[in-house]
Structures are given as C-alpha cells and as structure tokens.
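Fold and contact review
Each chain is listed here by its residues.
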Amino acid sequence: QIDDLAEVDYSLSSLPAVFQPFIDLDLKGMVFPTGNYTDSPYVAASFTIPDQSDSMLYLAFSEYFFQTSSFAYYTAGAFNMTIAEETCSYFNINTEIFGSIIPEVAKYSVTPNPVMLKLMATEIPTISLEQDSSTVEIQGSMEVLAVLPDSTTQSLFTMNIAANTSVSLSIFDQKLMGSLCLNRLQFSLAHSNVGSFEVLLLENILSYILQTEVIPSANAKLSKGFPLP
C-alpha cells in the first residue's frame, strides 16, 4: 500500500539469478489503483544495471514503474484539484482580477465575486527517463468559475493546458521520493462564456497560480514517497 489511492506489486517476475559475486532479482514493480488490480496498459521493457561493485545493493527502476504509477493515479483522479479563494495561499482570486483583463467578467457584479479554479488532467501524464534528466508531460484543462452570492457557480471560461516539468528523484528512509519543477506552460482557450479574449494576457496570472498552488501541492504528496521493496 502506497497511500489511499494506489498500491504497488513488487512480486518476483522471474526466478532469482544467483552468481558468484551477486544475486539478480527481477521484481514486477507495477503500481495500480487501490483495490483494483488489473493488467497495466504498458509493457515492461527489459534492462540491465551497469556492472558496478562499489556498493552492497543496487536498485533500478524502469519507465514501466513510473508509467504504471501515472496510470494508477490518473485513474484514481489524483491529478484533479480545485483551488478556491479560501484555499489560495498567496492572494485572493476573484472576478476583479480577471475583469481587469476581460471586461465581460466585470459585468457579473459590481463587487468582486470569489473565483474557483477546477483543474484536471485530460490524458495520462507521460513520464520520460533520460540519462541526465527526467520529465513529466501533462495535458490538462482549467475551468474558471465565478462563485455567486447564493453560493452557486457560473462557468466563465475553460483553458487547455500543456505543462512540462522536470523530476528530481531521491531515496530517503527506504522510500523513493520525487520533486517537480515547472519548465514550460502553454495555454489555449477551449471554451468561453465571456466572449473571446487574448489568452496571452492571462498567462502570467495562471502561471503564477500553478507555480504557487499546484506544484507545491504535488510536491507535498511526492515527498511522502513510494515504499521500496
């Protein structure tokens, strides 16, 4: 059990290979949604660990482990989150902020209304491992809604988001931990109830919200780590 959303299968995928100086253990390393053990849509590719003898134990993870992790958490809805005024750490997000850029938004009320942001991944995030770096590509959407005085919400517009992040991996306290760093963001308008507008004018605001709210939230979860076999 990793957490409430996912479990990991570290069972042997083949018999141990015993040699004079070492033992090779091939473990399955598949992550799946809690209580829903199903075959992964990914195929594990074979790989070898470089021949070294400076340490007692060498542990290697393939892209398969991270791909199944991404699939499991995507299936469980872990990449979806809501940011509301009461949970925003750095500033109050309201219609006044967006109304200064999009005049139609300002027409909803004379006084500013709180704004709610609903983010979700629209595809399974893609994880790539390279020799000197690891990246996660995330395709998603962000719906911006005004919270009206009667507590109902009115959808203002929805943006498509393409995010590229670097991943730093480390091992601590018998757990594999990760940390994300946002490299690049691209926005495009998917739907609008407030007329057309120049997306570029909103990029600084939306990027700041993702940098200060979404990335720290993701890193807090990743810091809890994956238990090692």
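In what follows, the accompanying structure is described. It should be emphasised that the depicted structure is a prediction, and the values quoted were computed from it without experimental measurement. (Residues numbered from 1 in each chain as written. Predicted model: local features only at pLDDT ≥ 70, side-chain atom pairs only at ≥ 80, totals over all residues. Heavy atoms only, no water.)

As for the overall build of the chain
Rule in force here: A run of H or I in DSSP becomes a helix once it reaches four residues, and a run of E becomes a strand once it reaches two; helices and strands are each numbered from the N terminus. C-alpha atoms define the radius of gyration, and 2.2 Å times the number of residues to the power 0.38 defines the globule rule. Each residue's exposure class comes from its accessible area (1.4 Å probe, protein chains only) as a fraction of the maximum for that residue type: buried when under 20%, exposed when over 50%, partly exposed otherwise.
Helix and strand counts for the chain stand at four helices and 11 strands. A compact globule built from 229 residues would reach a C-alpha radius of gyration of about 17 Å, whereas the chain, at 22 Å, exceeds it by more than 25%. When its C-alpha atoms are laid out on the principal axes, the chain stretches across 80 × 35 × 30 Å. Here the chain holds 229 residues, and 36% of them are scored as buried.

Some details on unusual backbone geometry
Positioned with a positive phi, S151 is a non-glycine residue whose angle comes to about 75°. Accessibility expressed as a relative area gives 60% for S151, which makes it exposed. Look at Q174: it is not a glycine, yet its phi comes out positive at around 60°. Checked against the element boundaries, Q174 lands in the loop between β9 (153-172) and β10 (175-192). The exposed category is assigned to Q174, whose relative accessible area is 66%.

A few points about the nonpolar core
Let me state the cut-off plainly: For the purposes of this section, nonpolar cores are sets of buried Ala, Val, Leu, Ile, Met, Phe, Trp, Tyr and Cys residues that join through side-chain atoms within 4.5 Å.
Core analysis: the biggest nonpolar cluster contains 29 residues, and F98, L117 and F157 have the highest contact counts within it. Mapped by element, the contributors of at least two residues to this core are β6 (115-121), β8 (134-147), β9, β10 and α4 (203-222). In terms of residue count, the dominant contributor to this core is α4 (six residues). Core analysis: the second largest hydrophobic core is formed by 16 residues, F66, A72, I127 and L176 among them.

Examining empty space enclosed by the protein
Note the cut-off: Two kinds of site are reported from a 1 Å grid over the protein atoms alone, namely cavities, where a 1.4 Å probe fits but cannot get out, and pockets, open sets with protein on both sides within 12 Å along at least five of seven lines, and residues are called lining when an atom falls within 4 Å of a point. Grid points are joined across faces, edges and corners, and a volume is the space filled by probe spheres set on the points.
According to the stated counting rule, one finds one cavity of 30 Å³ or more in the structure shown. Quantified by volume, the largest cavity comes out at close to 40 Å³. Lining the largest cavity are M30, V31, F32, P33, T38, D39, S40, T68 and F71. Elements that contribute at least two residues to the lining of the largest cavity include exactly β4 (30-33) and α1 (63-75). Of the residues forming the lining of the largest cavity, the biggest block, four residues, is contributed by β4.

So, the environment of V43
In this fold, V43 is placed in the loop between β4 and α1. Distance in space between the C-alpha atoms of V43 and F79 is 23 Å, their sequence separation being 36 residues.

All quantities given are derived from atomic positions and should not be read as evidence of function.
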